[in-house]
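Structural overview for review
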Amino acid sequence: MKKILVSLVLFISALAFASDYPLTVVDDLGNELVLNAAPVRIVSMIPSSTETVCALGACELLVGRDQYSNYPEEVLDLPELGSGFSPNLEAIVALEPDLVLVSESGDLAKQLVDLGIPVYAGTAQTFSEVFDKISTIAKLINHEKEAAFLNLKMRTDLVNIHKLIAGASAPSVFYELDSSPYSVGPESFIGEIISLAGGDNIVTADLGTFPKLDPEYIVASNPEIILLADAAYGESAETLAARAGWSAISAIVSGKVIELSQEQVDIINRPGPRIVDALFLLAQIFHPDMID
Amino acid sequence: MSEFKPKPAANSLRFMAIIFLALALIVVLIIATGIGSVAIPPGQVVAAVWHGISNNLVAVNDIIIWKIRLPRALLAALVGSLLSISGLAYQGIFRNPLADPYLLGVASGASFGAAFAIAFLPSIPLVASLGLPIISFLFSLLAVFLVVIFAFSNNKIPIINLILAGVVVGSSFSAGTSFIMITAKDRAVNILAWLLGSFSLSSWAKLASVLPFYIIVLVLLMLSARALNLLQLGEEQAMQLGLPVSSFKAVIIVLATLATAAAVSVSGIIGFVGLMVPHAARLAFGPDHRVLIPVSALLGAIFLVLADLLARTIISPEEIPIGIITALVGGPFFLYLLKKAEL
């Protein structure tokens, strides 16, 4: 069955999955991007897009990246062009890119449009949008066939993870972004991953997407698992236990404070092709007995 | 008035100095626009400017110069000029060497207004782009009004009162700005980006939005130069010589505040420029405002173009806020003046 499906996809892709240039696409800011030919000098100023381009097998088309794009390893050789919020505009221009991928927030998109450089501004805001964005970027760079395969593989992996954790009870989870403590709401991208991985976020939707929580709220919610995205900034099970009133929290008593590495945080933060890895990572943490 | 009429020889010397400063500004602009992550020799800078003027941008360097670096350098020059003549006007009106848009709390008032505009104005293109400078201006007028009211004592404004009132009003407005940022969650990033200042988002359009204010302020101040000179003799004497002192002062305060608000609305808060530059001008050229206004305008422009050059190259490719550089130079200068003023 699977083989038939794959060959069907192959067949359709051969017919339909070639972008027609000139190609007109409207990005998330409503700007119209016109490409006269498939881009061959791409600059990516946002890690999720960098990862998407490479996952589509087009890594060699990249000529520059933002300072946070650190995956896959081969992009580390590309020139660093600042960050999306404080870009080195001159260096981007000097590379003469025929496509720049940027975030929809910040001023970089407008600056590049003003300079007459082809720019696509947009990142996935929700879990399901990740698949759309992969397709869109693929369309821009004429890699739609690869996108069809990538999306199919990701969806298959997701279904498999979902099967593994089916029927498990959801542990309550507190995800700490920093020691303020800022956390993530269920409608944020990370919040979606938490719930898809079978976790029960202690933050409710009415608190917003990235709320700053009252520590008392966390103590009262008594989460069973705490994920520390700020472990790289010195937070740990010990520093949490030392916070006033926290030592009695279930996760701290039972030793379920997970200090995420920077690489794990990157995987969870980025709405790109590695969302499957993020989901698997969290599913493993939430349901260690159901996943090896 | 005759006390201030320079002798003919001195007059032409000063005229020469103004010409010299104008040339120096052009040289500084050419050098500054040549420096950056891509080094561009002066010859190519001039060529790129020519290509830009004749609307014929060919090379990548043309685009870097004409569309990125030149508008940025010119905006820095304009803001430096605005802050300097603003400081000069405040100092002339208050007859106080420490008056400065930053210390008077005017800049904080302007930035509160801008934060308010960013947070609460609907993002309809024209409303947002016109509303920000107007609201900025209104709040900076409110700030200077409050400072004058609180500093006024026995028909005078003692230096210490002016500085303290400026600090208090300034920090109140800064607190208000912080409050807006915390409550206007989704727009906090925009406010912060704007507050940090920097000329990294310069464009010809931005330049064009400030230029009219600049021309109005500069021309009106030049026309007021003689009256400003009169005022330095003391208010009573100026009144006896026929100057309507109160209304004149009000007009100059409005002009100086307009200059500050125009500067702040495109660049955020940049401190100490309006304090340092007029002093340097006065040290070199004496007290005549007819000379001081153009000299301050040019010196301020040169100073801020150089400060911005440092800000974007010192830890390139990262940029540091230009306010750090002006404060590093201006802080010690302020303390020196404070000491000299012998409060």
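Residues numbered from 1 in each chain as written. Chains lettered and ligands numbered in written order. Predicted model: local features only at pLDDT ≥ 70, side-chain atom pairs only at ≥ 80, totals over all residues.

**Some details on the overall build of chain B**
Just so we agree on the cut-off: Numbering of helices and strands runs from the N terminus, with a helix taken as a DSSP run of H or I at least four residues long and a strand as a DSSP run of E at least two residues long. We compute the radius of gyration over the C-alpha atoms and compare it with the globule rule, which gives 2.2 Å times the number of residues raised to the power 0.38. With C-beta atoms placed from the backbone, a residue is labelled by how many other C-beta atoms lie within 10 Å of its own: buried for 20 or more, exposed for 12 or fewer, partly exposed between the two. Here, residues touch in the contact sense if the C-beta positions derived from the backbone fall within 7 Å of one another.
Of regular secondary structure, chain B possesses 14 helices and zero strands. Its C-alpha atoms give chain B a radius of gyration of 20 Å, near enough to 20 Å, the size a compact globule of 343 residues would have. Along the three orthogonal principal directions, the C-alpha set of chain B runs to about 65 × 60 × 35 Å. Out of the 343 residues in chain B, the part that is buried amounts to 48%. Intrachain contacts of chain B at a sequence separation of at least 6 include 74% that bridge at least 24 residues.

**Focus on the interface of chain B and chain A**
Stated precisely, the cut-off is as follows: When residue character is reported, Ala, Val, Leu, Ile, Met, Phe, Trp, Tyr, Cys and Pro are called nonpolar, Asp, Glu, Lys and Arg charged, and the others, Gly included, polar.
In this complex, chain B contributes 13 residues to the contact, which on the side of chain A involves twelve residues. Here the side of chain B that touches chain A is composed, by residue class, of seven nonpolar, three polar and three charged.

**Regarding the packing of helix H3 (residues 60-94) of chain B against helix H12 (residues 273-285) of chain B**
Residues and elements named next belong to chain B. This is how it is decided: As a rule, the C-alpha atoms of each element are fitted with a line to give its axis, helices using only the stretch in contact, and angles between N-to-C directions run from 0 to 180 degrees. Note on terminology: angles under 35 degrees are roughly parallel, angles over 145 are roughly antiparallel, angles of 65 to 115 are roughly perpendicular, and the others are oblique.
It is at 7 Å that the axes of H3 and H12 come closest, and there the two elements cross at 75°. Relative to H12, the element H3 lies roughly perpendicular. Together, Gly 80, Leu 83, Ser 84, Ser 86, Gly 87, Leu 88 and Gln 91 of H3 and Val 273, Gly 274, Leu 275, Val 277 and Pro 278 of H12 make up the contact between the two elements. Residue classes in the contact of H3 with H12 are distributed as six nonpolar, six polar and no charged.

**Considerations on helix H6 (residues 159-183) of chain B**
To keep things clear, this is the line we draw: Any helix carries an expected span of 1.5 Å times its number of residues minus one.
Helix length check: H6 of chain B (25 residues) gives 36 Å between terminal C-alpha atoms against 36 Å at 1.5 Å per residue, within 8%. Where H6 of chain B is concerned, the buried positions are Leu 162, Ile 163, Ala 165, Gly 166, Val 169, Gly 170, Phe 173, Thr 177 and Ile 180 of chain B.

**Quick look at the sheet that holds strand S10 (residues 257-259) of chain A**
Applied cut-off: Strands were regarded as paired on the criterion that DSSP finds at least two bridges between them.
Strand order across the open sheet formed by four strands is S8-S7-S9-S10 (chain A), with parallel pairing between neighbours. Every interior strand has two partners, whereas the edge strands, strand S8 (200-201) and S10 of chain A, have only one.

**Section: the domain arrangement of chain A**
A common way to state how big an interface is: give the accessible area lost once the parts meet. Residue and element names in this part refer to chain A. Heads up, the rule is: The domain limits used here are those given by an automatic or database domain assignment.
Domain boundaries in chain A define domain 1 (16-156) and domain 2 (172-286). One C-alpha centre belongs to domain 1, the other to domain 2; they are set 30 Å apart. Listed by partner, the interface residues are 15 residues for domain 1 and twelve residues for domain 2. Sorting the residues of the side of domain 1 that touches domain 2 by element identifies helix H2 (47-55), helix H5 (127-140) and helix H6 (144-164) as the ones contributing at least two each. It is H2 that provides the largest number of residues to the side of domain 1 that touches domain 2, a total of five residues. Of the residues that constitute the side of domain 1 that touches domain 2, the class distribution is nine nonpolar, five polar and one charged.

**Considerations on the packing of helix H4 (residues 106-120) of chain B against H6 of chain B**
Residue and element names in this part refer to chain B. What counts, and what does not: Whether a crossing is left-handed or right-handed is set by the direction in which the near helix is turned from the far one by less than a right angle, anticlockwise for left-handed and clockwise for right-handed.
Between H4 and H6, the least distance of the axes is 8 Å, while the angle of their chain directions is 15°. For the element pair H4 / H6, the angle class is roughly parallel. Two packed elements cross with a definite hand, and for H4 against H6 that hand is left-handed. From H4, Ser 108, Gly 109, Ser 111, Phe 112, Ala 115, Phe 116 and Ala 119 reach across to H6, where they touch Gly 170, Phe 173, Ser 174, Gly 176, Thr 177, Ile 180 and Met 181. Among the residues forming the contact of H4 with H6, the class breakdown is seven nonpolar, seven polar and no charged.

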